[in-house]
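# Descriptive analysis of the structure
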Amino acid sequence: MKQHFGKMPDGTDVEQYTLSCGALSCEILTYGGALRTLRVPDRSGAIVDVVLGFDTLEDYRRQDKYIGALIGRFANRIDGAAFELDGTHYPLAANDGENHLHGGQTGFDKQVWTVEEASADTLVLSLFSPDGQENYPGNLSVQVTYRLESSGLTVEYQAECDRDTLCNLTSHAYFNLGGHDSGPVLNQEIQIAASRYTPTDAHSIPTGELAPVECTPMDLRTSTPIGALVDDSFAQLAFAKGYDHNWAVDGEPGSLRPAATAYGTETGIVLEVLTTQPGIQFYSGNYLDGCPTGKGGAPYTKRWAFCLETQGYPDAPHHPGFPSAVLHKGETYRQTTQYRFSTR
């Protein structure tokens, strides 16, 4: 089902598409390809909307938290807002202190995507990013497929470019398994299938190390309340004012494998994240203050939600030991992430 959601300043229409399958439904905007709602049953069968979103296009355009959006060309941070590729230096927008974040000033989250296909349970969106947009090289064609199934939501990413470029795409959905309007997520539990993570400096730029999580608050291999260690004095948590780090997902990158599991203790909702990506960024909503009022008047504030951003490693262009974020001419970028829901 398609509905009008608003108009961009240049007159471009923004639409909202509703997908449904069994007890699950979701709403997706063409603005930023944003996942605006995701409704799943709780342990009693009541339907709960588990993602943050807004009621107006104006609020989506005003907010700076990337809520629900598709992110590109490069998710996460690039140190010094520049990279080298094929012997050429590419300066980028410094939109996170001295660093480049989530594709720059006009990333994929701020553009209106084109609908290629729409059915009851599937939405295929495309975006053309021309050579030089945000100073990235090459004409990049991106396609993202949202597919709702009885078990959850699958997101498939595909991209091709006519020059070597960087490509690292993700979804910046914010989850609250108690319901988007239920308050902070500190009592909800998180488990990450990773024995290593990428430590950062005080500006959230990876040092290049792949460090073991063992004997640190970054060890989330067993289900742990988000609030249990989020304010620990451990330097990594102090730098980011909570969790905002990339974990190296165990198993073989390129294969669909478990990355994280979250549990809403009050609703009984379980979210399992599977991905082909090498990493997952767990963000505990440390900087949600200042967000516009959410759906239905919900006052989204600090730690009102968490993100599980499946991705390539942050700042990969500066770390030869990290999985490469270069998409070569003639290659096809393909990644898949699944969000599976159940109850207990």
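Relevant structure appears above.
Each chain carries its own residue numbering, running from 1 in the direction its sequence is written. With pLDDT at 70 or above as the cut-off, local features in this predicted model cover only qualifying residues; side-chain atom pairs require 80 or more to be listed or tallied, and sums for whole chains, interfaces and linings still use all residues. With hydrogens and water excluded, all non-hydrogen atoms of the structure serve as input to the side-chain values.

So, on to the pattern of salt bridges. Each reported salt bridge corresponds to a side-chain nitrogen of Lys or Arg within 4 Å of a carboxyl oxygen of Asp or Glu. One pass over the full model with this rule turns up 14 salt bridges. Here D55 makes a salt bridge to R36, at a shortest N to O gap of 2.9 Å. Remark: R36 occurs in strand β4 (residues 35–41) and D55 occurs in the loop between β5 (47–49) and α1 (57–62); sequence separation between them is 19 residues. Among the ionic pairs, R147 bridges to E156, the shortest N-O distance being 3.2 Å. Burial classes: relative accessible area under 20% of the type maximum marks a residue as buried, over 50% as exposed, and values in between as partly exposed (1.4 Å probe, protein chains only). Classification of R147 by relative accessible area gives partly exposed; the value is 27%. Judged by its relative accessible area of 29%, E156 falls in the partly exposed class. If you follow the salt bridges from partner to partner, you end up with E27, R36, R39 and D55 in one network. Secondary structure counts use DSSP, requiring at least four H or I residues in a row for a helix and at least two E residues in a row for a strand, with both numbered from the N terminus.

Right, let's get into the sheet that holds strand β17 (residues 174–175). Each pair of strands is called paired provided DSSP finds at least two bridges between the two strands. Pairing is antiparallel in the open sheet, where six strands are placed in the order β17-β26-β25-β22-β19-β20. In this open sheet, the two edge strands, each paired with only one partner strand, are β17 and β20 (211–212). With two bridges connecting them, β17 and strand β26 (residues 306–311) associate as antiparallel partners. Looking across to β26, one finds that F175 is bridged to F306.

By definition, the strands of a sheet pair up through backbone hydrogen bonds, in either a parallel or an antiparallel sense. Within the open sheet, the nine strands sit side by side as β11-β12-β13-β14-β28-β24-β23-β18-β21. Their pairing is antiparallel. Two strands bound the open sheet, and with one partner strand each, they are β11 (114–118) and β21 (224–225). Of the pairings in the sheet, the one linking β11 to strand β12 (residues 122–129) comprises four bridges and is antiparallel in character. Within the sheet, the bridge partner assigned to T114 lies in β12 and is S126.

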